[in-house]
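# Descriptive analysis of the structure
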Amino acid sequence: MAHIIVTGNEKGGSGKSTTAMHIATALARMGYKVGALDLDLRQRSFGRYIENRIAFCQRESLALPTPDYRDLPEVDPASLDPGENINDHRLSVAMAGLDAECDFILIDCPGSHTRLSQVAHSLADTLITPLNDSFIDFDLLARIDSATNKVLGPSIYAEMVWQARQLRAQAGLKPIDWIVLRNRLGAQQMHNKRKVGEALEQLSKRIGFRVAPGFSERVIFRELFPRGLTLLDLKDIGIEQLNMSNVAARQELRDLLNALKLPGVTVSV
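Below you will find a few notes about this structure. (Residues numbered from 1 in each chain as written. Predicted model: local features only at pLDDT ≥ 70, side-chain atom pairs only at ≥ 80, totals over all residues. Heavy atoms only, no water.)

## Digging into the nonpolar core
What counts, and what does not: We call a set of buried Ala, Val, Leu, Ile, Met, Phe, Trp, Tyr and Cys residues a nonpolar core when their side-chain atoms join them within 4.5 Å. For the exposure calls, accessible area comes from a 1.4 Å probe over protein chains only, and a residue counts as buried if that area is under 20% of its type's maximum, exposed if over 50%, partly exposed in between. Strands here mean DSSP runs of E at least two residues long; helices mean DSSP runs of H or I at least four residues long; both are numbered from the N terminus. The contact definition used throughout considers only heavy atoms, calling two residues in contact when any of these lie within 4.5 Å.
Ranked by size, the top nonpolar core spans 42 residues in total, and within it I5, I23, L27 and F46 carry the most contacts. Among the elements of the structure, helix 1 (16-29), strand 2 (34-38), helix 2 (45-60), strand 4 (104-108), strand 8 (177-183), helix 8 (219-224) and helix 9 (244-260) are those that each provide at least two residues to this core. For this core, the element with the most residues is helix 1, which contributes 7 residues. Ignoring sequence-local partners within four residues, the contact set of I5 consists of I23, L27, F104, I105, L106, I107, T126, I128 and L262. A2, Y157, M160 and V161 belong to the second largest nonpolar core, which has 38 residues in total.

As C-alpha cells, then:
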C-alpha cells in the first residue's frame with residue numbers, strides 16, 4: 001500500500017502547496033512513484049503547480065521527474081449507494097487508482113474546513129501542517145493565555161486531527177505521524193520566534209505532534225511556481241551557480257525531508 005502524506009491547515013497562505021510540491025518532486029527524483037491529489041476544488045494551487053511543470057517541460061523539451069497528478073473523477077450521482085457522499089466516493093476512486101501504482105500519495109488540502117479535508121486527514125500516515133511562525137497562525141492549533149503565553153487547550157484544527165486519529169484507531173490503522181512545520185521563519189523578531197517556539201514545544205507534548213523547521217520567506221518560491229519548478233530543478237534548467245539564498249533553501253528542503261522520517265526513504269537529493 002502507498003504511504004499517504006497529507007498537507008493540511010485550515011488557514012490559507014501557510015505554504016501548503018509549496019511544501020507539497022517540493023516533497024512530491026523530491027520523492028520522484030529519488031526514484032519513487034508518487035501520486036498527487038489536490039482537494040482544494042476551487043483554487044487548485046497544488047494541481048496548477050504540477051500542470052505548470054508539465055507545460056514547462058513540454059515547452060522546453062525537458063523530462064523532469066514529476067508526480068502523477070489526478071483530478072477527482074466525475075461520478076454519476078445515480079451510481080451512489082443510498083446516503084453515500086459524492087465527494088467521498090470521488091476521493092475513494094482516485095485513491096484506489098493511485099494506491100495500486102504508487103509508493104507515496106501526496107494529498108494537499110484546502111485552507112478551510114471541508115468534508116474532503118476531514119476524510120483526507122483520517123487517511124494520513126504522515127500529516128504535515130505548515131504554520132507561519134506567528135501567534136496568529138498558532139491560534140489554529142491552540143488557545144493561549146495572552147498574559148502568560150500558557151496553552152489553555154486545543155483549538156479547531158487540532159480537534160479535527162484528534163477526530164481523525166480516533167477514526168484511524170477504530171479502523172485498526174497505525175497512528176498519524178503529525179509534523180508541524182515552522183514556515184517563514186525570519187531572521188528578525190527573535191523574541192517572537194522564541195516565544196512561538198516555546199509554545200509549540202509545550203503544545204507538542206500535550207496533543208502529540210513533532211516540530212520541524214520549514215522554509216524561510218524567499219523570493220525564489222514565488223518565481224518557481226509559474227514554471228512548475230522546485231529548488232531541486234535549478235541545475236536542470238541551466239542554473240549551475242546557485243546564490244547563497246538558493247543554497248540555503250535547498251538545505252532547508254533536505255532538513256525537512258530528513259525530519260519527515262518517511263519509511264524506507266534515505267534522502268539523496
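## Some details on helix 9
Because an α-helix packs 3.6 residues into every turn, residues spaced three or four apart end up facing the same way. Applicable threshold: Here, expected helix span is obtained from the residue count minus one, scaled by 1.5 Å. Polar contact criterion, stated in full: a pair of N or O atoms within 3.5 Å, where within protein one must be able to donate a hydrogen and the other to accept it, and residues adjacent in sequence count only if both atoms are side-chain atoms.
In this model, helix 9 (17 residues) spans 25 Å end to end at C-alpha, consistent with the 24 Å of a helix rising 1.5 Å per residue. Buried within helix 9 are the following residues: N246, A249, R250, E252, L253, L256, L257, A259 and L260. Its side-chain oxygen 3.1 Å from the backbone nitrogen of S245, N243 forms the N-cap of helix 9. One or two positions beyond helix 9, positive phi appears at K261, with a value near 55°.

## A word on the environment of A199
Tracing the backbone through its elements, the reader meets A199 in helix 7 (residues 190-207). Given a relative accessible area of 2%, A199 falls into the buried group. Distance in space between the C-alpha atoms of A199 and P77 is 46 Å, their sequence separation being 122 residues. Excluding anything up to four places from it in sequence, A199 contacts F135, F138, I144 and V151.

## Some remarks on the sheet that holds strand 5 (residues 126-132)
Stated precisely, the cut-off is as follows: Strand pairing is assigned whenever DSSP detects at least two bridges linking the two strands.
Taken in spatial order, the 7 strands of this open sheet run 3-2-4-1-5-8-9, and their pairing is parallel. Pairing within the sheet leaves two strands with one partner each, and these edge strands are strand 3 (68-69) and strand 9 (210-213). Taken together, the 7 bridges between strand 5 and strand 8 define a ladder with parallel strand orientation. Counterpart to N132 in the pairing with strand 8 is N183.

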